[in-house]
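Below are the chains, spelled out letter by letter.
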Amino acid sequence: MRTGAHPYQRKADPRRPFASIPAAGAPGDLRGLLAAMHRYIEHLGVKGYTPIGRHNAERYIREFIAWADARGVTHPTQVSRAVLERYQRWLFHYRKKDGEPLAAISQRGKVIPLRGFFKWLTRVGEIPANPAADLDLPRQIKRLPRAVLTAEEAERVLAGVDVGTPIGLRDRAMMEVLYATGMRRMEIAGLAIDDIDAERVVVLIRQGKGQKDRLIPLGERALHWVRLYLDEAREQFAWDPHDKTLFLGNEGLPLSPLWLSTLVAQRVQAAGIDKRGGCHLWRHTCATLMLEGGADIRHIQAMLGHADISSTQIYAQVAIRQLQQVHAATHPGARTRLKGEQMALDVSEPQPAAQDAASALLEALAREAEQDDGDGP
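Worth saying up front: this structure is predicted, and the values here are computed from it rather than measured.

Of regular secondary structure, the protein possesses 13 helices and 3 strands. Classification of the 377 residues of the protein by burial places 49% in the buried group. If you sum the accessible surface of the protein, you get close to 18600 Å²; carbon and sulfur atoms cover 50% of it.

Now the structure itself:
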């Protein structure tokens, strides 16, 4: 049984996300696993997969190639069902630096891209049969989020940021947006200045998960901090006048999602709060506090950009005005009511069916967090 970091793993570089992908295989072997993977990733691009979707697929396929290469398996035709099952056993017995095993969802996440890879290799005739066909996956375990912030803890984190510096003002604005909207780290990293609609107090998330756009409430308070950042801090980060990315790093480049999560987690720790998590911690917190405030599941679903909460629960689209009302009434960080609006929302205790849906929502958030953690080899 191996422990510790993967033998092929490189140190992550927040400016070069693909640098953290293990290197293995023979680049000059056109029939080898590495060359086949490159052709497959190109195929995904042609099919319209997003850059992050292609990145994740390449990352996990490369991890398998590194494992296989160390065992003398270098060509797709050498990969059998037994080889893949042996890899699954290795993932099961693997231990991270802290001695903990990979979560079942992490094991699944590393195997699922392999099924797509070998299915494609079979379809294009590079291998005679698909060794990953009907490959059993680890069972999904229902889990609730590991931790969420209380409203008081969220305020402590936000208030602890020194907004007298450009970096502090940027970080406060970012965390206010995360807290108010529950958006994903990839979504906040990709925000453009023009995505903020100050007049309507909403934010447009372009090409979110599933390549879907959505318009969600921003809240008066988050908008206030974004305006301060734009007026007083952003120009000190912006080296390229043509780059309209909202939040920039010290080098004037868009923020890496991995680095963004680390930065946010450090801000939480600096507030003396012993709860693990970066951007997902705020995503969980936004959803949980709105649930506790009485928001209907379908409104939170619309905020988070979930296509559905379970295979049997699909909700209709929610009008942005109604969603703004619910957000202002149920989110503790966005209590300011919309101008001219009088809201009379039913915030009574959720019924049992709603409680089941709430659990499903939180389980979905937990799975998201584990998939994005990037733990393991």
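For the coordinates displayed, the defined rule picks out 11 aromatic pairs. Relative to Trp67, the ring of Phe64 lies with its centre 6.0 Å away and its plane at 25°, an arrangement referred to as stacked. With a gap of 3 residues between them, Phe64 and Trp67 both fall in helix H2 (residues 51–69), about one helical turn apart. There is no split in this pair, since Phe64 and Trp67 are both buried. Here Phe117 and Phe118 contribute two aromatic rings whose centre-to-centre distance is 5.0 Å and whose plane-to-plane angle is 50°, an arrangement assigned as tilted. Here the two residues Phe117 and Phe118 agree in accessibility, since each one is buried. Among the aromatic residues, those joined into a cluster by ring pairs are Tyr40, Phe64, Trp67, Tyr87, Trp90, Tyr94, Phe117, Phe118 and Trp120.

Evaluated as defined, the whole model comprises 17 salt bridges. In this structure, Arg39 and Glu126 form a salt bridge, with 2.8 Å as the shortest nitrogen-oxygen distance. In this pair, Arg39 sits in helix H1 (residues 33–46) while Glu126 sits in the loop between helix H4 (104–123) and helix H5 (151–159), placing the two residues 87 residues apart along the sequence. For Arg214, the salt bridge identified is with Glu187, shortest N-O distance 2.9 Å. Here Arg214 is found in strand S3 (residues 214–217), whereas its partner Glu187 is found in helix H7 (residues 185–189), with 27 residues between them in sequence. Comparing Arg214 with Glu187, the two get one shared label, buried. Because the salt bridges share partners, they merge into one network encompassing Glu155, Arg172, Glu176 and Arg221.

Hydrogen bonds between backbone atoms are what pair the strands of a sheet, whose relative direction is either parallel or antiparallel. Strand order across the open sheet formed by 3 strands is S1-S2-S3, with antiparallel pairing between neighbours. Two strands bound the open sheet, and with one partner strand each, they are strand S1 (196–197) and S3. Of the pairings in the sheet, the one linking S1 to strand S2 (residues 202–205) comprises 2 bridges and is antiparallel in character. Bridge assignment links Ile196 to a residue of S2, and that residue is Val203. Across the face of the sheet, helix H12 (residues 320–330) comes into contact with S2 and S3 while running at roughly 35° to S3.

Now for the packing of helix H11 (residues 297–304) against H12. Viewed as axis vectors pointing N to C, H11 and H12 meet at an angle of 105°, and their least axial separation amounts to 10 Å. As the angle between them shows, H11 and H12 are arranged roughly perpendicular. Across from Arg298, His299, Ala302 and Met303 in H11, the residues of H12 making contact are Gln322, Leu323, Val326 and His327. Of the residues in the contact of H11 with H12, the class split is 4 nonpolar, 3 polar and 1 charged.

Across soluble globular proteins, nonpolar side chains show a tendency to be buried alongside one another. By size, the foremost hydrophobic cluster in this structure holds 57 residues, and its most contacted members are Ile188, Phe247 and Trp282. Setting aside residues no more than four positions away along its own chain, Trp282 makes contact with Leu149, Ala154, Val157, Leu158, Met175, Leu178, Tyr179, Val264 and Val268. Among the nonpolar cores identified, the runner-up in size contains 31 residues, and Ala57, Ile61, Val73 and Leu114 belong to it.

It is worth spelling out unusual backbone geometry at this point. Not every positive phi belongs to a glycine, and Asp134 is a case in point at roughly 60°. Its identity as a non-glycine residue notwithstanding, Val201 has a phi of 60°, on the positive side.

With that settled, the discussion passes to the side chain of His331. By secondary structure assignment, the location of His331 is in the loop between H12 and helix H13 (352–373). A distance of 2.5 Å separates a polar atom in the side chain of His331 from the backbone oxygen of Tyr179. Sequence-distant contacts of His331, defined by excluding residues within four places in its chain, comprise Tyr179, Ala180, Cys286, Met290 and Val326.

On to H12, then. Where burial is concerned, most of H12 is hidden: 8 out of the 11 residues are buried. Contact partners of the buried residues in H12: helix H6 (166–181), S2, S3, helix H10 (279–292) and H11.

Our next topic: the pairing of S2. Connecting S1 to the antiparallel partner S2 that follows it, the hairpin turn spans 4 residues, and Val201 within it adopts a positive phi of roughly 60°. The pairing of S2 with S3 spans 4 bridges and is antiparallel. Note on S3: the bridge partner recorded for Val203 is Ile216.

Let us now look at the confidence of the model for the protein. Taken over all residues, the pLDDT of the protein has a mean of 80, while the share at 70 or more is 75%. A low-confidence stretch, residues 309–317 (pLDDT under 50), is modelled with 14 contacts involving residues beyond four sequence positions or located in other chains. Predicted confidence is poor over residues 336–353, with pLDDT under 50, and the contacts of this stretch with residues over four places away or in other chains come to 21 contacts.

As a further point, take the packing of H6 against helix H9 (residues 257–270). Contact geometry of H6 with H9 gives a least axis separation of 11 Å together with a crossing angle of 95°. If you check the angle between H6 and H9, you find them roughly perpendicular. Across from Ile167, Gly168, Arg170, Asp171, Met174, Met175 and Leu178 in H6, the residues of H9 making contact are Trp259, Leu260, Leu263, Val264 and Arg267. Among the residues forming the contact of H6 with H9, the class breakdown is 8 nonpolar, 1 polar and 3 charged.

About the cut-offs
Residues numbered from 1 in each chain as written. Predicted model: local features only at pLDDT ≥ 70, side-chain atom pairs only at ≥ 80, totals over all residues. Heavy atoms only, no water. Helix = DSSP H or I, 4+ residues; strand = E, 2+ residues; numbered from the N terminus. Buried < 20%, exposed > 50% of the residue type's maximum accessible area, 1.4 Å probe, protein only. Areas by Shrake-Rupley, 256 points an atom, 1.4 Å probe, with all protein chains shown as cover. Phe/Tyr/Trp six-rings, centres within 6.5 Å; stacked < 30°, edge-to-face > 60°. Salt bridge = Lys/Arg side-chain N within 4 Å of Asp/Glu carboxyl O. Pairing = 2+ DSSP bridges. Contact = heavy atoms within 4.5 Å. Axes fitted to C-alpha atoms, helices over the stretch in contact; angles between N-to-C directions. Parallel < 35°, antiparallel > 145°, perpendicular 65-115°, else oblique. Nonpolar A, V, L, I, M, F, W, Y, C, P; charged D, E, K, R; others polar. Core = buried A, V, L, I, M, F, W, Y, C linked by side-chain atoms within 4.5 Å. Polar contact = N/O pair within 3.5 Å; in protein donor to acceptor, adjacent residues only side chain to side chain. pLDDT = per-residue confidence, 0-100.

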